[in-house]
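In case you want the letters, here they are:
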Amino acid sequence: MADVVDSDELLRRIQRARAFAAQEVHTWSQQGDAVREVAYEVVLRVLDEIVDPGRHVTK
């Protein structure tokens with residue numbers, strides 16, 4: 001983890017991770033594994049909150 005990256009690269013990496021997590025939600029949903037599906041949904045929420053803070057708050 002010694003690489004230094006700029007904010008644009010960091011955002012691209014987060015977006016790639018989010019796309020991967022979304023695909024995994026779909027995959028595990030199709031396979032009927034609710035535990036893994038929910039785990040990836042949580043990952044999506046966290047990544048969304050990093051990119052767009054406060055927008056996804058539910059009260």
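What counts and what doesn't
- Residues numbered from 1 in each chain as written.
- Predicted model: local features only at pLDDT ≥ 70, side-chain atom pairs only at ≥ 80, totals over all residues.
- Heavy atoms only, no water.
- Helix = DSSP H or I, 4+ residues; strand = E, 2+ residues; numbered from the N terminus.
- Rg over C-alpha atoms; globule rule 2.2 N^0.38 Å.
- Areas by Shrake-Rupley, 256 points an atom, 1.4 Å probe, with all protein chains shown as cover.
- Lys, Arg positive; Asp, Glu negative; His and termini not counted.
- Charge placed at Lys NZ, Arg CZ, Asp CG, Glu CD.
- Expected span 1.5 Å × (residues − 1).
- Buried < 20%, exposed > 50% of the residue type's maximum accessible area, 1.4 Å probe, protein only.
- Arc of directions from axis to C-beta.
- Contact = heavy atoms within 4.5 Å.
- Axes fitted to C-alpha atoms, helices over the stretch in contact; angles between N-to-C directions.
- Parallel < 35°, antiparallel > 145°, perpendicular 65-115°, else oblique.
- Left-handed = near helix turned anticlockwise from the far one by under 90°.
- Polar contact = N/O pair within 3.5 Å; in protein donor to acceptor, adjacent residues only side chain to side chain.
- Salt bridge = Lys/Arg side-chain N within 4 Å of Asp/Glu carboxyl O.

Enquirer: Help me out: how do you make sense of the overall build of the chain in this one?
Expert: Each helix and strand counted, the chain has 2 helices and 0 strands in total. Against the globule reference of 10 Å for 59 residues, the chain gives a C-alpha radius of gyration of 13 Å, more extended than a compact globule. Oriented by its inertia axes, the alpha-carbon framework of the chain measures out at about 40 × 30 × 15 Å. For the chain, the exposed surface amounts to about 4,900 Å²; the carbon and sulfur share of it is 55%. The chain carries 8 positive and 11 negative side-chain charges, and their two centres are separated by 2 Å.

Enquirer: Honestly, helix 2 (residues 34–51) in this entry has me stumped. Any pointers?
Expert: Residues spaced three or four apart along an α-helix face the same direction, because each turn holds 3.6 residues. Taking 1.5 Å of rise per residue, 18 residues should cover 26 Å, and helix 2 covers 26 Å from first to last C-alpha, within 8% of that figure. Restricting attention to buried positions, one finds in helix 2 the residues Leu44, Leu47 and Asp48. Down the axis of helix 2, the buried side of the element spans an arc of 100°, and every buried residue falls inside it. Opposite the buried face of helix 2, at more than 90 degrees from it, the exposed residues are Val35 and Arg45. For helix 2, the secondary structure elements touched by its buried residues are helix 1 (7–31).

Enquirer: I'm lost on the packing of helix 1 against helix 2 in this one. Help?
Expert: Between two packed helices, both the angle of their axes relative to each other and the distance between the axes serve to describe the pair. Interhelical geometry of helix 1 versus helix 2 gives an angle of 155° and a closest axis separation of 8 Å. Our classification of the angle between helix 1 and helix 2 gives roughly antiparallel. Crossing handedness for the pair helix 1 and helix 2: left-handed. Facing helix 1, whose interface residues are Leu11, Ile14, Ala17, Arg18, Phe20, Ala21, Ala22, Glu24, Val25, Trp28 and Ser29, helix 2 presents Arg36, Glu37, Tyr40, Glu41, Val43, Leu44, Leu47, Asp48, Ile50 and Val51.

Enquirer: Sorry, what's going on with the side chain of Asp48 here?
Expert: Examined against the element boundaries, Asp48 turns out to sit in helix 2. Judged by its relative accessible area of 17%, Asp48 falls in the buried class. Reaching out from Asp48, the side chain makes a polar contact with the side chain of Arg18 at a distance of 2.6 Å.

Enquirer: Any chance you could explain the pattern of salt bridges here in plain terms?
Expert: Oppositely charged side chains are able to pair whenever their charged atoms sit close together. Inspection of every chain in the model, using the stated rule, returns 5 salt bridges. Between Arg13 and Glu9 there is a salt bridge, with its nearest N and O atoms 3.0 Å apart. With a gap of 4 residues between them, Arg13 and Glu9 both fall in helix 1, about one helical turn apart. For Arg13, a relative accessible area of 38% corresponds to the partly exposed category. The closest approach of N and O atoms between Arg36 and Asp33, which form a salt bridge, is 3.7 Å. Of the residues examined, Arg36 reaches a relative accessible area of 43% and is grouped as partly exposed. A single salt-bridge network, built from bridges that share partners, covers Glu9, Arg12, Arg13 and Arg16.

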